Amino acid sequence: MISPLLANIALSALDDHFSQQWSELMGTKAKREWRRKHGLGTWKLVRYADDFVVMVLGTREQAEALRQEVEAVLTPLGLRLAPEKTRVVHIDEGFDFLGFNIRRQRKRGTSRHYVYTRPSKKAIQAIKDKVKAKTYRSTRHWELHKLIASLNKTLAGWANYFRHGVSKDVFDAVDNHAWGRLMRWIRAKYAGKHRLGMRHFRRRFCVQGWRIAHNGVKFTGASSVTVSRYRYRGSNIPTPWTPAPAAATSN
């Protein structure tokens, strides 16, 4: 295996390869439009550390050819694509990247299609597993307000990463899961010899309806983080192939 740091350094060769091609073949808008008009396709590399996506405007055959080209660049470096993580997919099928699922879908109630970015199923399951670990029977010696605070911190940290996407419904679903786990933890811890009914549970451990709270600490969960969608910034985002602005000169 190779560490992400070393892979990041090694993959700079991939940046250079695509940067050079971008400059030679598609450096200007006119060149890109000419290629599209003649069915040659265009592409762009998006990379973060040792994870990357090549976005292709063209045919599946052109995408497969680019995959082979990437492999040809990596082989001399002693690297290879991970078969279980490497796929050629249409944007309508969707794909996972950096914990997000990215997919084009029709907007409900309209005939328009948009690309939606949501937490992936794997990322959702990962946060549910963390909640399960914190609310397992082995943690019943914890004080309730400390457990609530710990859950809030974990869920808010996770949600802050995923807040730039269509994530509100996902946050609500994760919170419902956490609330249920926390409720069962409380009932098991405080029931004693008698079953703790939901009416008693609500009167003793909830405020503002069914919001769980104890010693002044309220369960706020992932939904406490406001979802804020990114606006498209296009070429304003620096990339390896973004031309550097010409230096100002003075006479």
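Quick look at the structure, then. All values derive from a computational prediction rather than experimental measurement. (Residues numbered from 1 in each chain as written. Predicted model: local features only at pLDDT ≥ 70, side-chain atom pairs only at ≥ 80, totals over all residues. Heavy atoms only, no water.)

The three strands lie next to each other as β6-β7-β8, forming an open sheet whose pairing is antiparallel. Of all strands in the sheet, those bounded by a partner on one side alone are β6 (206–207) and β8 (217–218). Examined bridge by bridge, β6 and strand β7 (residues 211–214) share two bridges and lie antiparallel to one another. Bridging from a neighbouring strand, Cys206 pairs with Ile212 of β7. (Pairing = 2+ DSSP bridges. Helix = DSSP H or I, 4+ residues; strand = E, 2+ residues; numbered from the N terminus.)

Turning our attention to the packing of helix α2 (residues 12–26) against helix α4 (residues 60–74). Put simply, α2 and α4 touch, their axes get as near as 10 Å, and they point 130 degrees apart. Of the possible angle classes, the one that applies to α2 and α4 is oblique. In this structure, the crossing between α2 and α4 has a hand that is right-handed. Contacts between α2 and α4 involve Ala13, Leu14, His17, Phe18 and Gln21 from the former and Leu66, Glu69, Val70 and Val73 from the latter. Classifying every residue of the contact of α2 with α4 gives six nonpolar, two polar and one charged. (Axes fitted to C-alpha atoms, helices over the stretch in contact; angles between N-to-C directions. Parallel < 35°, antiparallel > 145°, perpendicular 65-115°, else oblique. Left-handed = near helix turned anticlockwise from the far one by under 90°. Contact = heavy atoms within 4.5 Å. Nonpolar A, V, L, I, M, F, W, Y, C, P; charged D, E, K, R; others polar.)

Let us look at the nonpolar core. Leu155, Trp158, Leu182, Ile186, Phe201, Ile212 and Phe219 are the most contacted members of the largest nonpolar core, which has 34 residues in total. Where this core is concerned, the elements lending two or more residues are β3 (95–97), β4 (100–106), α5 (121–134), α6 (144–162), α7 (168–190) and α8 (198–205). Ranked by residue count, the leading element in this core is α6, at nine residues. Aside from chain neighbours lying at most four places away, what touches Leu182 is Thr135, Leu144, Leu147, Ile148, Leu151, Ile212 and Phe219. Listed in part, the 13 residues of the second largest apolar core include Leu11, Phe18, Val73 and Leu74. (Core = buried A, V, L, I, M, F, W, Y, C linked by side-chain atoms within 4.5 Å. Buried < 20%, exposed > 50% of the residue type's maximum accessible area, 1.4 Å probe, protein only.)

Next up on the list: the side chain of His145. With respect to the helices and strands, His145 occurs in helix α6. For His145, a relative accessible area of 17% puts it in the buried group. A distance of 3.3 Å separates the side chain of His145 from the side chain of Asn215, its partner in a polar contact. When near neighbours in sequence (up to four residues on either side) are disregarded, His145 contacts His214, Asn215 and Val217. (Polar contact = N/O pair within 3.5 Å; in protein donor to acceptor, adjacent residues only side chain to side chain.)

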